[in-house]
Amino acid sequence: MSNEFAGKTAIISGAAGGIGLALAEVLAKQGMNIVMGDIDNVALTESSKGLREQGFEVLTCALDVTDYSQWEDIVTNAKEKFGKVHMVINNAGVGGTPGKVEDSEHETWRWVMDVNVMGVLYGAQACVPALKEHGEGGWVLNVASMAGMMGMPYAGAYCASKAAVVSMTESWVPELKPFGIHTAVLCPAFVKTRIHESYRNRQQKYALAAEKRIDKEKLKAGAQAATKAVESGIAASMLAERVIEALKSKQTYIYTHPNYRKVTTARFKAIDEAFKDAESSTVVGHLKDDDIVTF
Ligand SMILES: NC(=O)c1ccc[n+]([C@@H]2O[C@H](COP(=O)([O-])OP(=O)(O)OC[C@H]3O[C@@H](n4cnc5c(N)ncnc54)[C@H](O)[C@@H]3O)[C@@H](O)[C@H]2O)c1
């Protein structure tokens, strides 16, 4: 098979189900060797079996993305089995639990930030040296969300974590480009997966210290709304096909729901218009290009 992916190796976090598994399958079909990492060993064994039955070359590794040493291990194992690493997909992510700002559980924020933000940093940090060392270039694909492009009431932790992923990607694009490494951020709206049941993989280290602070009824209502939204989403297989298409055309921002364009358009318009207020300000309005350092 001749395409830019064939014969190369991809490490995918959170590959036991949902979007990660769909990406594993579509990239395996492109001829890639797949290294699947996940915190859920039972699901990982089952999913990898399905890929092997289709004749794909797959390696599985236990991976909790919040533990940097496990990222080092997966890179070592990938190199031992396949020789080189060309792609990392930082896909593992959790939805957290909805809640008002004043009710925010610190343990939940730490869980969401550790998995969704630090997990992405650790993945890139552990894999980028392996991507650089062979000189053949490669890919860093970070899975954010439309939630990274907009704030949503009662979902501050998730939105903040995904906005961080967008921002990290934007920082790494120019850093890694000289090495032939294409960095991209995937921003889907709803996809039919088990994201609304993320609590199933919540590690003990983020267990709630103050059970009494949770309003179970509100949690139930929020969970029902999330389930309905996720179940209305596109199939993970469709998203995965779209990712291949967008990686081939070297997109930095990968969108899967064109109908959400109005969200970013409205946001950027509001941000841009706020500059008019600064330009007419009696305090800072006089600052001109020559006076200030721009990035
Ligand atoms: N489903 C959606 O509507 C949607 C929309 C936008 C973005 N996303 C993002 O897509 C990514 C994949 O989520 P999904 O929708 O497939 O959900 P999912 O829950 O079906 O799959 C997530 C996978 O990540 C694994 N995982 C969870 N915590 C982990 C950890 N600490 N270390 C390693 N693996 C871990 C789970 O075991 C699971 O296999 C996430 O980053 C999510 O935020 C999902």
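Residues numbered from 1 in each chain as written. Predicted model: local features only at pLDDT ≥ 70, side-chain atom pairs only at ≥ 80, totals over all residues. Heavy atoms only, no water.

**Description of the side chain of Thr264**
Counting through the fold element by element, Thr264 comes out in helix H8 (residues 261-279). A polar contact is formed between the side chain of Thr264 and the backbone oxygen of Arg261, at a distance of 3.0 Å. Apart from the residues lying within four places of it in its own chain, the contact partners of Thr264 are Met146, Met149 and Tyr255. (Helix = DSSP H or I, 4+ residues; strand = E, 2+ residues; numbered from the N terminus. Polar contact = N/O pair within 3.5 Å; in protein donor to acceptor, adjacent residues only side chain to side chain. Contact = heavy atoms within 4.5 Å.)

**Re the packing of helix H3 (residues 68-82) against helix H4 (residues 106-133)**
The contact between H3 and H4 brings their axes to 9 Å, and the two run at 30°. As far as their axial angle goes, H4 and H3 are roughly parallel. Here the hand of the crossing between H3 and H4 comes out right-handed. Counting all contacts with H3, which are made through Tyr68, Trp71, Glu72, Val75 and Lys79, the residues of H4 involved are Gly119, Tyr122, Gly123, Gln125, Ala126, Cys127, Ala130 and Glu133. (Axes fitted to C-alpha atoms, helices over the stretch in contact; angles between N-to-C directions. Parallel < 35°, antiparallel > 145°, perpendicular 65-115°, else oblique. Left-handed = near helix turned anticlockwise from the far one by under 90°.)

**Details of the packing of H4 against helix H5 (residues 156-176)**
At a closest axis distance of 8 Å, the pairing of H4 and H5 adopts a crossing angle of 15°. Taken together, H4 and H5 sit at an angle that is classed as roughly parallel. At the point where H4 passes H5, the crossing takes the right-handed sense. Seen from H4, the contacting residues are Trp109, Val112, Met113, Asn116, Val117, Val120, Leu121, Ala124, Val128 and Lys132; seen from H5, they are Gly156, Ala157, Tyr158, Ala160, Ser161, Lys162, Ala164, Val165, Met168, Trp172 and Leu176. Among the residues forming the contact of H4 with H5, the class breakdown is 16 nonpolar, 3 polar and 2 charged. (Nonpolar A, V, L, I, M, F, W, Y, C, P; charged D, E, K, R; others polar.)

**Brief notes about the site of the ligand**
The immediate surroundings of the ligand are formed by 31 residues, with Asp38, Asn91, Tyr158, Val191 and Thr193 found nearest. The contact in question runs from an oxygen atom of the ligand to an N or O atom on the backbone of Asn91, over 2.8 Å. Contacts to the ligand include Asn201, whose side-chain N or O atom sits 2.9 Å from an oxygen atom. In isolation the ligand has 820 Å² of accessible area, and contact with the protein removes 98% of it. When residues of the shell around the ligand are traced back to their parent elements, those giving at least two are helix H1 (18-29) and H5. In terms of residue class, the shell around the ligand is made up of 16 nonpolar, 9 polar and 6 charged. (Near = heavy atom within 4 Å. Areas by Shrake-Rupley, 256 points an atom, 1.4 Å probe, with all protein chains shown as cover.)

**A short note on the pairing of strand E4 (residues 87-90)**
Taking every second residue as pointing to the same face, both faces of E4 are buried, with Met87 and Ile89 on one and Val88 and Asn90 on the other. The sheet contact formed by strand E1 (residues 9-13) and E4 spans 3 bridges and is parallel. Among the inter-strand pairings, Ile12 is bridged to a residue of E4, identified as Ile89. The pairing of E4 with strand E5 (residues 138-143) spans 4 bridges and is parallel. Note on E5: the bridge partner recorded for Asn90 is Asn142. Handedness of the crossover joining E4 and E5 through H4 is recorded here as right-handed. (Buried < 20%, exposed > 50% of the residue type's maximum accessible area, 1.4 Å probe, protein only. Pairing = 2+ DSSP bridges. Right-handed = clockwise from strand over helix to strand, strands pointing away.)

**Quick word on the sheet that holds strand E2 (residues 33-38)**
Ordered in space as E3-E2-E1-E4-E5-E6-E7, the 7 strands form an open sheet in which the pairing is parallel. On the outer flanks of this sheet lie strand E3 (58-62) and strand E7 (253-255), each paired with one strand and no other. Averaged over all pairs of adjacent strands, the angle between strand axes in this sheet comes to 20°, irrespective of strand direction. The pairing of E1 with E2 spans 5 bridges and is parallel. Counterpart to Ser13 in the pairing with E2 is Gly37. Of the strands in this sheet, E1, E4, E5 and strand E6 (181-187) touch H4, which is tilted by about 175° from E4. Strand contacts of H5: E5, E6 and E7, with the helix running at about 160° to E6, the strand carrying the most contacts.

**Observations concerning the environment of Pro258**
Among the structural elements, Pro258 can be located in the loop between E7 and H8. With relative accessibility at 68%, the residue Pro258 sits in the exposed group. The spacing of Pro258 and Tyr199 is 59 residues in sequence and 29 Å in space, taken between C-alpha atoms.

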